[in-house]
Amino acid sequence: MLFSKNNKGFFIEVSEHAILLARTSEPQLPFEIEEMQECSPKDADGLAEAIKRIHGKKNPSGYVRATVGAYPSKRLVRRHSLELKRVKESGYFSELLTQQFRIDEEKYTVAVLNANDGSDYDVGSAAQKDVVFAGMMNDEVNALQDSLLNMGIYPQRLELGSVSTLGGIVDYLAFMKSRTPTLVLEIGGDATQSFIVSANGIEASRPIPQGLDSMLAVVQKELGLKDEESAKKLFHSNTFDFTGMGPLLIKRLLKELQSSIGFYEVQTGQSVGQVLITQLSQKQTWIETAIASSLGIATLKPDTVAWLQSRQISPLTEAFAKNAAEVRWFGLLSLMVQHTSPAHAAAEEKK
């Protein structure tokens, strides 16, 4: 049998840090979360066991058809204000991709979305100027699909994880009736994706060419290690608490973040009041604390369970509720949610 009987929902998030998996009681809302699993992308045996557990059968056969969120290294997620008078010009969007974002459009699959609610941009009406360009390199998409198939996973829907996660955060802020602009960071090995979002959508975006690897030279120097490889092993282990070194390790990244936030606050008159860092492992949560403290803002601790229940995802067992409370699961859970647009949320609030 090519496919397993699809009377369950399967959701998978693939990033450079971890592979997160979940099974739900139904493929469509409303549903309950029945299983949640996590493994390292480098642990083939652990992944096989996680997929077996998610499958929920003693002798699984066929592919698991899943909704997959992915974070390819060269993903494009950029907010931009269009020149409305040029939107219908032939070549305008191509010009933006090549000159503004420095990408070869022939090597990418790109969607243009409305910045407030993530819906597809209507070039015909050209009614809104604020958009988000979201895309992945074709080669990375093909390699990811091949990798998923080799795992026994058939991606019936493949999403750019950054977009679904940002949509989830916007939806959560609207659910909480929060007016606080929020700094959202995706910190990878060699780069950081920085966003400012609110209940009204994505307000700003910026890729920063510094990630976790940029901290290794400081670790090596401060701890007197023989080389950067030793620093990397220690940095990603559970054997050393980097909390005390936090302000020193984030110094370069912090300078870029302060620049981005300052520009946003001058342009809008709004103050960024909190930060949320997705995808970090449990042993790296000190990074969020250090950034929040250095910027003088709070860390966002989402009440994820209440949000999920409001979106017809319930109940959660105590173990799953504990997972859901950890920010690193937020992206996977966002794949399950049908997000409420800011306009719809405002209409509901008036009722």
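Since the model is a prediction, treat every value here as computed from it, not as a measurement.

*Asks:* How would you sum up the overall build of the protein? Please name residues and give values.
*Replies:* Helix and strand counts for the protein stand at 13 helices and 13 strands. Relative to a compact globule of 351 residues, whose C-alpha radius of gyration would be 20 Å, the protein shows 21 Å and is just as compact. Across its three principal directions, the C-alpha atoms of the protein cover 60 × 60 × 45 Å. Buried positions account for 48% of the 351 residues belonging to the protein. Sequence-distant contacts in the protein: of pairs separated by 6 or more residues, those separated by 24 or more amount to 65%. Accessible area for the protein stands at about 17300 Å²; split by element, carbon and sulfur atoms hold 47% of it. Each charge sign in the protein was given a centre, from 37 positive and 42 negative side chains, and these centres are 1 Å apart.

*Asks:* Please provide a residue-by-residue account of the packing of aromatic side chains, values included.
*Replies:* As enumerated under the stated definition, the model contains eleven aromatic pairs in all. Pairing Phe11 with Phe31 gives two aromatic rings, centres 6.0 Å apart and planes at 45 degrees, and the pair type is tilted. One end of the pair, Phe11, is in strand β1 (residues 9–14); the other, Phe31, is in the loop between β2 (19–24) and β3 (33–39), with 20 residues separating them in the sequence. Here Phe11 falls in the buried class, since its relative accessible area comes to 6%. Phe31 gets classed as buried once you look at its relative accessible area, which sits at 3%. Considering the side-chain rings of Phe235 and Trp286, the 6.0 Å spacing of their centres and the 90 degrees angle between planes classify their relative orientation as edge-to-face. Residue Phe235 is found in helix α6 (residues 228–235), and its partner Trp286 is found in helix α9 (residues 286–295); the two are separated by 51 residues along the sequence. We note that Phe235, like Trp286, is buried. Among the aromatic residues, those joined into a ring-pair cluster are Tyr92, Phe93, Phe101 and Phe133.

*Asks:* Tell me about the side chain of Arg75, residues and numbers included.
*Replies:* By secondary structure assignment, the location of Arg75 is in the loop between β4 (64–70) and β5 (76–81). In this structure the side chain of Arg75 is engaged in a polar contact, spanning 3.4 Å, whose partner is the backbone oxygen of Tyr71. Side-chain polar atoms of Arg75 contact the backbone oxygen of Pro72, separated by 2.9 Å. Discounting chain neighbours no more than four positions away, the residues touching Arg75 are Gly135, Glu140, Leu160, Ser162, Glu186 and Gln193.

*Asks:* So what's going on with a negative patch on the surface? Residues and values would help.
*Replies:* Taken together, Glu16, Asp190, Asp213, Glu228 and Glu229 make up a surface patch of like negative charges. You can see Glu229 is positioned in helix α6.

*Asks:* So what's going on with the nonpolar core? Which residues, and what values?
*Replies:* Grouped together as the largest cluster of nonpolar side chains are 43 residues, with contacts concentrated most on Ile33, Val197, Leu308, Ile313, Leu333 and Met336. Mapped onto this core, the elements with two or more residues apiece are β2, β3, β7 (130–137), α4 (161–175), β10 (192–198), α10 (304–310), α11 (318–325) and α12 (330–334). Here the element with the most residues in this core is α4; it accounts for six residues. Residues Ile250, Leu257, Ala290 and Ile291 belong to the second largest nonpolar core, which totals 32 residues.

*Asks:* Explain the sheet that holds β2 to me, and be specific about the residues and the numbers.
*Replies:* Strand order in the open sheet formed by five strands is β3-β2-β1-β4-β8, with mixed pairing between adjacent strands. The sheet is open, and its two borders are formed by β3 and β8 (153–160), each paired with just one other strand. Between one strand and the next, the sheet's axes are offset by a mean angle of 20 degrees, whatever the strand orientation. When β1 meets β2, the two strands line up antiparallel, connected through six bridges. In the sheet register, Glu13 faces β2, and the bridge partner there is Leu20.

*Asks:* Describe the packing of helix α8 (residues 251–268) against α9, listing the residues and the values that go with them.
*Replies:* Here α8 crosses α9 at 50 degrees, and the two axes come no closer than 11 Å. Classified by the interaxial angle, the pair formed by α8 and α9 is oblique. In the packing of α8 onto α9, the handedness of the crossing is right-handed. Taken together, the residues of α9 that come into contact with α8 (itself represented by Leu253, Leu254, Leu257, Gln258 and Ile261) are Ile291, Ser294 and Leu295. Counted by class, the contact of α8 with α9 contains six nonpolar, two polar and no charged residues.

*Asks:* So, unusual backbone geometry: which residues are in play, and what are the values?
*Replies:* In this structure, the amide linkage connecting Leu29 to the following residue, Pro30, adopts the cis form with an omega of -5 degrees. Inspection of the secondary structure puts Pro30 in the loop between β2 and β3. The phi dihedral of Arg102 falls on the positive side, at around 60 degrees, and the residue is not glycine. With respect to the element layout, Arg102 can be found in the loop between α2 (92–100) and β6 (108–114). In this structure Arg102 comes out as exposed when scored by relative accessible area, which is 68%.

*Asks:* Provide a residue-level description of the pattern of salt bridges, including the pertinent values.
*Replies:* Side-chain pairs of opposite charge can arise whenever the charged atoms involved come near each other. Applying the stated criterion to the full structure yields 13 salt bridges. As a salt-bridge pair, Glu34 and Arg23 come within 3.0 Å of each other at their nearest N and O atoms. Taken as a pair, Glu34 in strand β3 and Arg23 in strand β2 lie far apart in primary sequence, eleven residues in all. By relative accessible area, which is 27% here, Glu34 ends up partly exposed. Residue Asp171 pairs with Arg311 through a salt bridge whose shortest N-O separation is 2.9 Å. Of this pair, Asp171 sits in helix α4 while Arg311 sits in the loop between α10 and α11, and the two are 140 residues apart along the sequence. Of the two residues, Asp171 and Arg311, neither departs from the other in class, the shared state being buried. Bridged by salt links that share partners, the residues Lys8, Arg23 and Glu34 form one connected network.

Conventions used here
- Residues numbered from 1 in each chain as written.
- Predicted model: local features only at pLDDT ≥ 70, side-chain atom pairs only at ≥ 80, totals over all residues.
- Heavy atoms only, no water.
- Helix = DSSP H or I, 4+ residues; strand = E, 2+ residues; numbered from the N terminus.
- Rg over C-alpha atoms; globule rule 2.2 N^0.38 Å.
- Buried < 20%, exposed > 50% of the residue type's maximum accessible area, 1.4 Å probe, protein only.
- Contact = heavy atoms within 4.5 Å.
- Areas by Shrake-Rupley, 256 points an atom, 1.4 Å probe, with all protein chains shown as cover.
- Lys, Arg positive; Asp, Glu negative; His and termini not counted.
- Charge placed at Lys NZ, Arg CZ, Asp CG, Glu CD.
- Phe/Tyr/Trp six-rings, centres within 6.5 Å; stacked < 30°, edge-to-face > 60°.
- Polar contact = N/O pair within 3.5 Å; in protein donor to acceptor, adjacent residues only side chain to side chain.
- Patch = residues over 30% accessible without salt bridge, like charges linked within 9 Å, V, L, I, M, F, W, Y side chains within 5 Å.
- Salt bridge = Lys/Arg side-chain N within 4 Å of Asp/Glu carboxyl O.
- Core = buried A, V, L, I, M, F, W, Y, C linked by side-chain atoms within 4.5 Å.
- Pairing = 2+ DSSP bridges.
- Axes fitted to C-alpha atoms, helices over the stretch in contact; angles between N-to-C directions.
- Parallel < 35°, antiparallel > 145°, perpendicular 65-115°, else oblique.
- Left-handed = near helix turned anticlockwise from the far one by under 90°.
- Nonpolar A, V, L, I, M, F, W, Y, C, P; charged D, E, K, R; others polar.

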